[in-house]
Amino acid sequence: MSNEPTPFMVEVIYALPKQQKLIKVNVTPGTTCIEAVKLSDMQLYFPEIDLDTVKLGIFSRLVKHDEVLQPGQRVEIYRPLIADPKDVRRKRAEKAKDEGRVNKKTGSKL
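Quantities reported herein were computed from a predicted structural model and do not represent experimental measurements.

Visitor: Could you give an account of the layout of surface pockets, with specific residues and numbers?
Guide: Estimates place the volume of the largest pocket at around 220 Å³. If you trace the largest pocket, you find 13 residues lining it, with Val54, Lys55, Tyr78, Arg79 and Pro80 closest to the centre. Partitioned by chemical class, the residues of the lining of the largest pocket number 8 nonpolar, 1 polar and 4 charged.

Visitor: Please give an account of the side chain of Ser40 that cites residues and values.
Guide: Within the secondary structure layout, Ser40 lies in helix α1 (residues 33-40). Assessed through its relative accessible area of 6%, Ser40 is described here as buried. In contact with Ser40, not counting residues within four places along its chain, are Val12, Ile23 and Val25.

Visitor: Tell me about the pairing of strand β5 (residues 74-78), residues and numbers included.
Guide: Both faces of the sheet carry side chains from a regular strand, because those side chains alternate between them. Pairing between strand β1 (residues 8-16) and β5: 4 bridges, direction parallel. Looking across to β5, one finds that Ile13 is bridged to Glu76. In this sheet, β5 lies alongside strand β3 (residues 55-58) in antiparallel orientation, the contact comprising 4 bridges. When the bridges of β5 are listed, Lys55 appears paired with Tyr78.

Visitor: Which residues make up the sheet that holds β3, and what are the values?
Guide: In any sheet, the strands associate via hydrogen bonds between backbone groups, in a parallel or an antiparallel arrangement. In spatial order, the strands read β2-β1-β5-β3-β4; together these 5 strands make up an open sheet with mixed pairing. The open sheet terminates on both sides in strands that have one partner only, identified here as β2 (19-27) and β4 (61-63). Geometrically, the sheet is characterised by an average inter-axis angle of 30° between neighbouring strands, direction not taken into account. Relative to β2, β1 runs antiparallel, the two sharing 9 bridges. By the bridge assignment for β2, Phe8 is matched with Val27.

Visitor: An account of the pairing of β3 is needed here, citing residue identities and associated values.
Guide: Pairing of β3 with β4, which is carried by 3 bridges, proceeds in the antiparallel orientation. Opposite Ile58, over in β4, you have Arg61 as the bridge partner. From the end of β3 to the start of β4, which pair antiparallel, there are 2 residues, and Phe59 there has a positive phi angle of about 50°.

Visitor: I'd like a description of the pattern of salt bridges, backed by residues and values.
Guide: Counted according to the given criterion, the structure contains 3 salt bridges. Salt-bridge contacts for Glu67 lead to Arg61; the nearest nitrogen and oxygen are separated by 3.0 Å. With a relative accessible area of 25%, Glu67 lands in the partly exposed category. A residue is classified by how much of its surface remains accessible, and Arg61, at 41% relative accessible area, is partly exposed. Where Arg74 meets Glu76, a salt bridge forms, and the shortest distance between an N and an O atom there is 2.6 Å. Judged by relative accessible area, Arg74 falls into the partly exposed class, the value being 23%. On the accessibility criterion, Glu76 (8% relative accessible area) is buried.

Procedures and definitions
Residues numbered from 1 in each chain as written. Predicted model: local features only at pLDDT ≥ 70, side-chain atom pairs only at ≥ 80, totals over all residues. Heavy atoms only, no water. 1 Å grid on protein atoms, 1.4 Å probe; cavity = no way out; pocket = protein on both sides within 12 Å on 5 of 7 lines; lining within 4 Å. Points joined across faces, edges and corners; volume = space filled by probe spheres on them. Nonpolar A, V, L, I, M, F, W, Y, C, P; charged D, E, K, R; others polar. Helix = DSSP H or I, 4+ residues; strand = E, 2+ residues; numbered from the N terminus. Buried < 20%, exposed > 50% of the residue type's maximum accessible area, 1.4 Å probe, protein only. Contact = heavy atoms within 4.5 Å. Pairing = 2+ DSSP bridges. Axes fitted to C-alpha atoms, helices over the stretch in contact; angles between N-to-C directions. Salt bridge = Lys/Arg side-chain N within 4 Å of Asp/Glu carboxyl O.

Below is the structure:
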């Protein structure tokens, strides 16, 4: 019997608003998230991915680049936010208030 580690499959995914790419990669135990992304060659399809600063996740949970993968996991490559969600909500609320669609005392809709 050999003591060689058994490789397993993980998925690496990146999505844009109108396009997505999922690549399956065979990795060995001890492989980190960023190593799986590099093995997938995802940056060949999407050169805008900066491997030094990119945020990664596993099933919607933000992870560090050096987190070790388990069999069956999916590494998600996250895009930077276009706008801060708090600022967007604040501007939308101010616009509704200015247009008179908000009760000025309670803040609720009219």
